[in-house]
Amino acid sequence: MTGEGNGGVTGSLFDRGSSAAAHIDIGSGEIKLSDLDRRNVIFGRPGTAKTTTITRIMADYLAGGGTEAGLLYLTYSRSMAKDARDKTGLSKNSVGTLHSILSRKLGWRKGMRGEEGDYLSDDDVTRFCEKYGIKKKTRFRAWDEEESDEDDDWNFFMQYYDAARNRVPPLKLSDLDRENISPFDLDYMAYKYDELKKTLGKHDYTDILIEASKMEFMPIDLLIVDEAQDLTPIMWYIVEKIASVAKRTVFAGDELQSIYGFKGADPAFLLAKKKDSKVFHLKKSY
């Protein structure tokens, strides 16, 4: 997994390259598509209109004859993805959360109006929890994030399950540092949970990343990854595979805003991109 940088070559996530690009302080909307190198990083604090800057870059690409098929915008937030689609007129095939885009590429769908889909249902998980005595309060949506609840054993388990599976390669749950004492053997529950999915032939939120990490991606013109500080190691592995076949890549984020450290997200991955990328800092606050 390699790709040319701005004067250097990057390899794995831990081979950071040796070149250093100049930092450019710039206002929102001032970055043009022609300003971009092959690999770019945009840093923006809240209020600096980072997402607006990114959507204008996409508009610039489309105005110059670029096609939707040649563009991919990925973010961690559904609301930000919707905002970007509203501003650009692009579809969910090219603008969305990392999980939603990858789910589409895998051909996995949610069950609608009582129909069976490709993901575990809340009833599937409820029966699983009842069988093994796991306290579950939050409704389960296997294609979505879980809201944490300290009194919910299921959410406790899923936090550790996701954290272990979001590594490359995945870890055992017992290899993770635990802030709480588990009411059950997490590795055994992970085994039984994986067995449940295999038996039912269904998937969950984490499986999207695991399966997508094995995929090959078609070449594209422009890849934009927003909120990159929240990417976990396996997410970085996937977006770097896409970046390796993209003519231009933009990683955008705020290294001080990371909130998914419990899943393995680390702003250090984004900060390391400065070594082989053209770096922009959005300074003006709106």
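Residues numbered from 1 in each chain as written. Predicted model: local features only at pLDDT ≥ 70, side-chain atom pairs only at ≥ 80, totals over all residues. Heavy atoms only, no water.

Scanning the protein chain for helices and strands turns up 9 helices and 9 strands. In the protein chain, buried positions account for 52% of the 286 residues. By sequence separation, contacts in the protein chain at least 24 residues apart represent 69% of the contacts at least 6 residues apart. For the protein chain, the computed accessible surface area is about 13900 Å², with 48% contributed by carbon and sulfur atoms. (Helix = DSSP H or I, 4+ residues; strand = E, 2+ residues; numbered from the N terminus. Buried < 20%, exposed > 50% of the residue type's maximum accessible area, 1.4 Å probe, protein only. Contact = heavy atoms within 4.5 Å. Areas by Shrake-Rupley, 256 points an atom, 1.4 Å probe, with all protein chains shown as cover.)

Moving on, we come to the pattern of salt bridges. Evaluation of the coordinates by the stated rule reveals 20 salt bridges. Between D124 and K202 there is a salt bridge, with its nearest N and O atoms 2.8 Å apart. Taken together, the residues D124 in helix α4 (residues 122-132) and K202 in the loop between α6 (186-200) and α7 (205-212) connect sequence positions 78 residues apart. D124 sits in the buried class, given a relative accessible area of 7%. For D204, the salt bridge goes to K197, with nearest N and O atoms at 3.3 Å. Assessed through its relative accessible area of 1%, D204 is described here as buried. Its relative accessible area of 5% is what places K197 among the buried residues. (Salt bridge = Lys/Arg side-chain N within 4 Å of Asp/Glu carboxyl O.)

Predicted confidence across the protein chain gives a mean pLDDT of 84, with 84% of residues reaching 70 or more. Across the protein chain, the element-wise mean pLDDT spans from 30 in strand β2 (residues 9-10) up to 98 in strand β7 (residues 220-225). (pLDDT = per-residue confidence, 0-100.)

Quick look at the pairing of strand β8 (residues 246-253) now. Taking burial as the measure, the 8 residues of β8 include 6 buried ones, the bulk of the element. Both strand β4 (residues 39-44) and β8 contribute to a ladder of 5 bridges, which runs parallel. Residue pairing in the sheet places R39 in a bridge with T249 of β8. Once the chain exits β7 it traverses helix α8 (residues 233-243) before rejoining the sheet at β8, and the crossover so formed is right-handed. (Pairing = 2+ DSSP bridges. Right-handed = clockwise from strand over helix to strand, strands pointing away.)

Along the chain, D152 turns up in the loop between α4 and α5 (153-165). Although D152 is buried, it makes no salt bridge; K137 carries the closest opposite charge, 6.5 Å away. Setting aside chain neighbours within four positions, we find D152 in contact with K135, K136, K137 and T138. (Lys, Arg positive; Asp, Glu negative; His and termini not counted.)

It is worth spelling out the pairing of strand β5 (residues 71-75) at this point. The element β5 is extensively covered by neighbouring structure, given that 5 of its 5 residues are classed as buried. Residues L71, Y73 and T75 line one face of β5 and the alternating positions L72 and L74 line the opposite face, and both faces are buried. Summarising the sheet, β5 and β7 pair through 4 bridges and their orientation is parallel. If you follow L74 over to β7, its bridge partner there is V225.

Listed as buried for α4 are D124, V125, F128 and C129. When α4 is viewed along its axis, its buried side chains cluster within an angular range of 130° and face the same direction. Exposed positions of α4 whose direction lies more than 90 degrees from the buried face are R127, E130 and K131. Buried positions along α4 lie against α5 and α6. (Arc of directions from axis to C-beta.)

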